[in-house]
Structure formats: structure tokens, C-alpha cells
Amino acid sequence: MTNDQFIMLLSDKYYKPLYQYAIHICDDSAFAADIVQETLMTAYQKADELQKHENISGWLYQTARYKMLQMLANIRRYKALDNVADTLADNRDYEEECITRLELYPEMARNLSLEDLNLILKHYEEGFGYNELAEEYCSSEITIRSRVRRIRNRLRKTLDGKFA
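Residues numbered from 1 in each chain as written. Predicted model: local features only at pLDDT ≥ 70, side-chain atom pairs only at ≥ 80, totals over all residues. Heavy atoms only, no water.

Asks: Where do I start with the overall build of the protein in this structure?
Replies: Helix and strand counts for the protein stand at nine helices and zero strands. When the elements of the protein are put in sequence order from the N terminus, they spell out α-α-α-α-α-α-α-α-α. Expressed as a percentage of its 164 residues, the buried residues of the protein come to 28%. Element-wise, carbon and sulfur atoms account for 51% of the exposed surface of the protein, whose accessible area totals about 11,100 Å². (Helix = DSSP H or I, 4+ residues; strand = E, 2+ residues; numbered from the N terminus. Buried < 20%, exposed > 50% of the residue type's maximum accessible area, 1.4 Å probe, protein only. Areas by Shrake-Rupley, 256 points an atom, 1.4 Å probe, with all protein chains shown as cover.)

Quick look at the structure:
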């Protein structure tokens, strides 16, 4: 069987199940269609190997999952770049805000990056929730919780050293 025939067979047999799998996970029809197309393109590129594979279905689903994760990571990167562009556009206000905060919290300023300082103050001073911060920083809520915990621990060490 030629590679073209093999891919046509795979496409006929697996397009709909792969699409349903992708839409079940991402809940976006256009995104799911892109994932299936990327998966089948990869299958076409590796058709010689795939014809000899003992679990073609498993390979396709794993590849679709990988493609989905890869595309989501790219989307996050683009969102992060957009946020950086927005931040740079508001840079003057941001710098003034950071300088004000540095003056109010000199001990914190010596031990934290501006980004960490901004994160911890947004959480504790301005009352941002973890989910709001996760959206703003294009990270998961778990990542934000971990960062806040690490920053808090760093600050405790600083303050413990000062008052010991």
C-alpha cells in the first residue's frame, strides 16, 4: 500500500474519532479540526514507520494529545507576548507604580525581582485571587500559588534575619 493510500485510509477511519477526542478535551471545533489536521500531517510524514507500528490507533491519539499540548503552549506564549506588549505600552505607569512600592517596602525590594514584588503585592495588597493572577500572568493557578508561596518563604527568611 502506498503512503498516500495509507493516509487516506487513516483519514477515513480516524478523522471523526480523533476530532471527537480533541473537541472533548478543548471544547473548540476549529481548534479540534486543527489538531486532527496536524496529527494526520505528522502521520503522513511518518507513514513508512506508522505502517509497521503495532498500535496505529494509540499512536494517533497520543500524537493528537501531544499536538494539542504543543498548540496550547504556543497560544500561551502568544498571550504572554501580548501581555508583555501591553505592559511595555504601560511601562511608564508600571515603573512609577514599582518605584512607589519599592519606597513603601524597602526590605521586600532588596530581595525580590520587580515581577515577584508586583505579584505578591497584587495578591495581598490589591486582593487579586490566584485565578485572576493566573490569567494575567498566562500561567496556571497552581503555578501562581507556588510562586506566591516561594516569594512568601523568601520574605519570611528576610524578615527572620532582620529581627533575629
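Asks: Would you mind showing me how to read helix α1 (residues 3-26) here?
Replies: Because each turn of an α-helix spans 3.6 residues, side chains separated by three or four positions end up pointing in the same direction. Its 24 residues give α1 an end-to-end C-alpha distance of only 30 Å, which falls more than 12% under 34 Å, the value for a rise of 1.5 Å per residue. At Y14, α1 is bent by approximately 50°, the largest bend along its length, and proline P17 sits one to four residues beyond. Within the sequence span of α1, burial applies to F6, I7, L10, Y14, L18 and A22. Just beyond α1, the residue with positive phi is D27, at close to 60°. (Expected span 1.5 Å × (residues − 1). Bend = angle between axes of the 7 residues up to and from the residue.)

Asks: Is there a simple way to think about the pattern of salt bridges in this case?
Replies: One side chain can pair with another of opposite charge once the charged atoms of both are near each other. Tallied over the entire structure, the rule returns four salt bridges. A salt bridge links E136 to K122; its shortest N-O distance comes to 2.2 Å. Taken together, the positions of E136 in helix α8 (residues 130-136) and K122 in helix α7 (residues 114-124) put the pair 14 residues apart, joining distant regions of the chain. Shared partners join several salt bridges into a network, and the residues in it are E115, D116 and R147. (Salt bridge = Lys/Arg side-chain N within 4 Å of Asp/Glu carboxyl O.)

Asks: Would you mind going over the packing of α1 against helix α2 (residues 29-45) with me for this structure?
Replies: The axes of two packed helices give the description: the angle between them and the distance between them. Where α1 meets α2, the axes come as close as 8 Å, and the angle between the chain directions of the two elements is 145°. In this structure, α1 crosses over α2, and the sense of that crossing is right-handed. Across from D4, I7, L10, S11, Y15, L18, Y19, A22, I23 and C26 in α1, the residues of α2 making contact are S29, F31, A32, A33, I35, V36, T39, L40, A43 and Y44. Looking at side-chain class alone, the contact of α1 with α2 contains 16 nonpolar, three polar and one charged residues. (Axes fitted to C-alpha atoms, helices over the stretch in contact; angles between N-to-C directions. Left-handed = near helix turned anticlockwise from the far one by under 90°. Contact = heavy atoms within 4.5 Å. Nonpolar A, V, L, I, M, F, W, Y, C, P; charged D, E, K, R; others polar.)

Asks: How do you make sense of the packing of aromatic side chains when you look at a structure like this?
Replies: When we look at a pair of aromatic rings, we describe it by the centre distance and by the angle of the planes. The tally for this structure, following the rule as stated, stands at two aromatic pairs. With centroids separated by 6.3 Å and ring planes inclined at 10°, the aromatic side chains of Y15 and Y19 adopt a geometry described as stacked. One end of the pair, Y15, and the other, Y19, are both in helix α1, four residues apart, so they sit about a helical turn from each other. Classification of Y15 by relative accessible area gives partly exposed; the value is 34%. With relative accessibility at 24%, the residue Y19 sits in the partly exposed group. Taking 5.2 Å as the distance between ring centres and 85° as the angle between the ring planes, the aromatic pair formed by Y21 and Y61 counts as edge-to-face. Within this pair, whereas Y21 is found in helix α1, its partner Y61 is found in helix α4 (residues 56-89), the two being separated by 40 residues in sequence. Judged by its relative accessible area of 23%, Y21 is partly exposed. (Phe/Tyr/Trp six-rings, centres within 6.5 Å; stacked < 30°, edge-to-face > 60°.)

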